[in-house]
Amino acid sequence: MTTTAPPVQQARRAAAASAVGSLVEWYDFALYGAAAALVFNSYFFVDASPTTGLLASFATFAVGYFARPFGGVVFGHLGDKIGRKPVMIVTLGIMGVSTALIGLLPSYHTIGMAAPILLVLLRIVQGLGAGAEYAGAVVLSSEAAPRGHRGFYASWSGAGVWLGSALGLGTFQIVLWLTGDDFDKWGWRLPFLLSLVMLVISLYIRRRVTETESFEQAKTEETKIPLLELFRTAKGRLALSLGSNFMLSGFSYIPQVWALSYLTNDIGLAAMAGLGINAVVLVAGAAFMPLFGRLGDRFGRRRLFLFGSGFGIVWAFPMFALIDTRVPALIILALVVCFVGAVATCYAAQAAFLAEMFPPAMRYSGVAFAREVSGALLGGTTPLIATAMFAGFGHWWPIAVWMVVMATVAFVSVHLSARYRSDADQSSDDHFNHVIDRPSDAVPAGGIR
């Protein structure tokens, strides 16, 4: 049973349940991203040239993101109607099982074209489950947090994202080391099958969480289809929330996913070294998430988000210049600074920021839609676009320009969000009105805050 002020224990349980779900989700996605960069092009697309095979592998990576908005719409609706907890248990199960099944797929040599078709189908199922997972995580942890601490507790979900990604890459690296020449034959399957173990542990933790007070109160509101109501009354909020995610669903995938293929195929690092650097970067980002969450509570989500996206604008070109030195220490520095200074700050700010953009009765649907539509447009396509750009221009500068564009979209969107909410409104739902897409509900007489 919830109370007016959720106890710290309940807040911690909700944050832990959210974090482990994000961990499983991004363990799964990190495995797929690493396998797409290193294995799938030769295992499922054997008749293609190396570049075409890599493009095909990243295309299957993108398919999961195209499925995410559909999962976000369906499960986001159910999360607003029947509860955060049951939906998050279902989405977690879908992701874990589909990931394990990928580890059981036969190769192209064994069953021909059926192999990549089955890979795509499982990737779609994986995307459907993941489509509402992170949205549910930030909604649950934000709503369960004590007043004034939303940023800190919601940031655990983001930390889970990168810890899961680092765990996926670390597991991939360990299995690569243990299996050696057999890695391409059967060793790559083991990390996918381990997803079942993580699934069982995560389901146990998640079952101990109770529904939030915000959801229990919102159940009394007559909102038949929350997303349609948001389109009717909150188009501005949806658009700016979607734009703010260009930083996380687009920009971050260059250093997080595409850089692995650049480091191994063009810089000349061994696959194990590339995976190790990527894992270090992700752990560094995760380590700063709670700190940035607290800073967001103290100084404001918007200010933190603006700083992170602004830093991303200025760091894209220096990052690549440092990578091109081929000095491992400078490569790590370039990627860690990018992740901590730009991506981690934005991720920590975004968790509570998005939850506070929508009223409780429509919150799950709004966050899921904003996250997953931008994810479909950018998250899965960014590595594909970067690969095509590098193949076409033979240099990284167009990719750096693309990063600057995505960071700029996020910066402008977060700046304009002051029309609908301000840092003075954070940690409270009192500023929502029945017609919520009204600039005056967040802007005082003196202008934009």
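Please refer to the structure higher up on the page.
Remember, predicted model here, so these are calculated numbers, not experimental data. (Residues numbered from 1 in each chain as written. Predicted model: local features only at pLDDT ≥ 70, side-chain atom pairs only at ≥ 80, totals over all residues. Heavy atoms only, no water.)

## A word on the pattern of salt bridges
Then comes step 1: Throughout the structure, instances matching the rule amount to 11 salt bridges.
Then comes step 2: For Arg206, the salt bridge is made with Glu133, and the minimal N-O distance between the two is 2.8 Å. Here the residue Arg206 occupies a position in helix α11 (residues 195-207), and Glu133 occupies one in helix α7 (residues 133-144), the gap between them amounting to 73 residues. In terms of burial, Arg206 and Glu133 fall into one category: buried.
Then comes step 3: Through salt bridges with shared partners, a single ionic network connects Asp80, Arg84, Glu143 and Arg363. (Salt bridge = Lys/Arg side-chain N within 4 Å of Asp/Glu carboxyl O. Helix = DSSP H or I, 4+ residues; strand = E, 2+ residues; numbered from the N terminus. Buried < 20%, exposed > 50% of the residue type's maximum accessible area, 1.4 Å probe, protein only.)

## Here's the deal with the packing of helix α18 (residues 301-323) against helix α19 (residues 328-355)
Then comes step 1: Where α18 meets α19, the axes come as close as 8 Å, and the angle between the chain directions of the two elements is 160°. In terms of axis orientation, α18 runs roughly antiparallel to α19. Here α18 runs over α19; the crossing is left-handed.
Then comes step 2: When grouped by side-chain class, the residues that make up the contact of α18 with α19 number 20 nonpolar, 6 polar and 2 charged. (Axes fitted to C-alpha atoms, helices over the stretch in contact; angles between N-to-C directions. Parallel < 35°, antiparallel > 145°, perpendicular 65-115°, else oblique. Left-handed = near helix turned anticlockwise from the far one by under 90°. Nonpolar A, V, L, I, M, F, W, Y, C, P; charged D, E, K, R; others polar.)

## As for unusual backbone geometry
Then comes step 1: Of note, Arg326 is a non-glycine position whose phi angle comes to about 65°, a positive value.
Then comes step 2: One can find Arg326 in the loop between α18 and α19.
Then comes step 3: Looking at Arg326, the relative accessible area reads 46%, which means it is partly exposed.

## Structural notes on empty space enclosed by the protein
Then comes step 1: A complete count under the given rule lists 4 cavities of 30 Å³ or more for this structure.
Then comes step 2: What the largest cavity holds in volume is close to 120 Å³.
Then comes step 3: Surrounding the largest cavity, 14 residues form its lining, Phe29, Ala30, Gly33, Gln256 and Val257 being those nearest its centre.
Then comes step 4: Contributing elements (two or more residues each) for the lining of the largest cavity: α1 (8-38), α8 (150-179), α16 (253-267) and α17 (271-299).
Then comes step 5: Among the elements that make up the lining of the largest cavity, the one with the highest residue count is α1 (5 residues).
Then comes step 6: Within the lining of the largest cavity, the residues separate by chemical class into 10 nonpolar, 4 polar and no charged.
Then comes step 7: Taken as a whole, the second largest cavity holds about 60 Å³ of empty space.
Then comes step 8: In terms of lining, the second largest cavity is formed by Trp26, Tyr65, Arg68, Leu248, Ser249, Tyr253, Tyr347, Arg371, Glu372 and Gly375.
Then comes step 9: Contributions of two or more residues to the lining of the second largest cavity are made by α3 (50-81), α15 (246-251) and α20 (363-379). (1 Å grid on protein atoms, 1.4 Å probe; cavity = no way out; pocket = protein on both sides within 12 Å on 5 of 7 lines; lining within 4 Å. Points joined across faces, edges and corners; volume = space filled by probe spheres on them.)

## Concerning the packing of α17 against α19
Then comes step 1: For the pair α17 and α19, interaxial distance at closest approach is 8 Å and the crossing angle is 35°. Judged by the twist between their axes, the crossing of α17 over α19 is right-handed. Residues Ile277, Val280, Val281, Leu282, Ala284, Gly285, Phe288, Met289, Phe292 and Gly293 of α17 touch α19, and the partners they reach there are Ile331, Ile332, Leu335, Val336, Phe339, Val340, Ala344, Thr345, Tyr347 and Ala348.
Then comes step 2: Taken together, the residues of the contact of α17 with α19 sort by class into 17 nonpolar, 3 polar and no charged. (Contact = heavy atoms within 4.5 Å.)

It is worth stressing that arrangement in space is one thing and function is another; only the former is reported here.
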